[in-house]
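Observations on the three-dimensional arrangement
Now for the letters of each chain:
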Amino acid sequence: TQRKPWPKSVVFGIPVVIIAIATGIVAFQAWDQSRRNARFDEIVHSETPHGNISDVSLLLDYLDIKVSSEHAGRTLGKLLDVESGDGLIIARVPRMKTPWGKKNLVAAIALRHLNDAYEPVLNLLGTTPEPDVRAAIWLALSRIAPATAVTELIGKMQNATGDELR
């Protein structure tokens, strides 16, 4: 028995449909990234940035990108109307991977006076070897640590270098 060949519409149609879907996905991703970049530029260049939980998430994503990290951290620290995003900010502390991301995240935490971030930031101190990041952590801890933590912090200061505590 001889098989009947596939119709030409199927042979040519399936690859065309696959290419169209792939092109659509790539176009959507490019449009979405363009929209995110435009929103990032808008809030970063605002004197008094107002935002929402989506903006907090956006800024947290830009913290890990070296060229945008400092602007993202500074803006996150002064972003208004997003108290509901404070938990999201605190939750990112142990998951931040890059040194510049850690440094600018703890700077934002210090600017926002997120006292609930004390434990995660303190834990970050124990796993961070970079002196400039450790200095930023110490600065954040000086602003968010509860009064009851002074003895614990003094004990940890004995292991710190002079560069960290400048």
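Before reading on, note that the structure itself is shown above.
Here goes a summary of the coordinates provided. Within each chain, residues carry numbers counting from 1 in the order of the written sequence. In keeping with the predicted nature of the model, local features appear solely for residues at pLDDT of at least 70, side-chain atom pairs appear and are counted solely at 80 or more, and the whole-chain, interface and lining totals rest on all residues. Computation of side-chain values: all heavy atoms of the structure, hydrogens and water removed.

**With respect to the overall build of the protein chain**
Inclusion rule: Helical segments are the DSSP runs of H or I of at least four residues, strand segments are the runs of E of at least two, and each set is numbered from the N terminus. With C-alpha atoms as the basis for the radius of gyration, the globule rule is written as 2.2 Å multiplied by the number of residues raised to the power 0.38. The criterion used for residue contact is that any of the two residues' heavy atoms lie within 4.5 Å. A 1.4 Å probe and the Shrake-Rupley method give the accessible areas. Residues count as covered only by the protein chains that appear here.
Across its full length, the protein chain holds 8 helices and 0 strands. Counted from the first residue to the last, the protein chain has its helices and strands arranged as α-α-α-α-α-α-α-α. For the protein chain, whose C-alpha radius of gyration is 23 Å, the value lies well above the compact-globule estimate of 15 Å for 166 residues. Projected onto the principal axes, the alpha-carbon positions of the protein chain cover approximately 85 × 40 × 25 Å. Taking the intrachain contacts of the protein chain between residues at least 6 apart in sequence as the baseline, contacts between residues at least 24 apart amount to 66%. With the model as given, the accessible surface of the protein chain reaches about 10,300 Å², and the carbon-plus-sulfur share is 60%.

**Let's talk about the pattern of salt bridges**
The cut-off we apply is this: Just to be clear on terms, a salt bridge is a Lys or Arg side-chain nitrogen sitting within 4 Å of an Asp or Glu carboxyl oxygen. Throughout, exposure labels follow a simple rule: accessible area from a 1.4 Å probe, protein chains only, divided by the maximum for the residue type, with under 20% read as buried, over 50% as exposed, and the rest as partly exposed.
A full pass over the atoms with the stated rule returns 8 salt bridges. Notably, a salt bridge pairs Arg39 with Glu42, separated by 3.0 Å at the nearest N-O pair. Taken together, the residues Arg39 and Glu42, both in helix α1 (residues 8–44) and 3 residues apart, mark about one turn of the helix. Salt-bridge contacts for Asp61 lead to Arg92; the nearest nitrogen and oxygen are separated by 3.6 Å. Residue Asp61 is located in helix α2 (residues 53–63), and its partner Arg92 is located in helix α4 (residues 86–92); the two are separated by 31 residues in the primary sequence. Residue class for Asp61 comes out partly exposed when judged on its relative accessible area of 31%. Judged by relative accessible area, which is 14%, Arg92 ranks as buried. A cluster of three or more residues bridged by salt bridges with shared partners is formed by Arg36, Asp61 and Arg92.

**Description of a nonpolar patch on the surface**
Stated formally: Each patch is built from residues that are more than 30% exposed by relative accessible area and take part in no salt bridge. Like charges join if they lie within 9 Å; nonpolar side chains (Val, Leu, Ile, Met, Phe, Trp, Tyr) join within 5 Å.
On the surface, a nonpolar cluster with roughly 370 Å² of combined accessible area is contributed by Trp6, Val11 and Phe12. With respect to the helices and strands, the residue Val11 is situated in helix α1.

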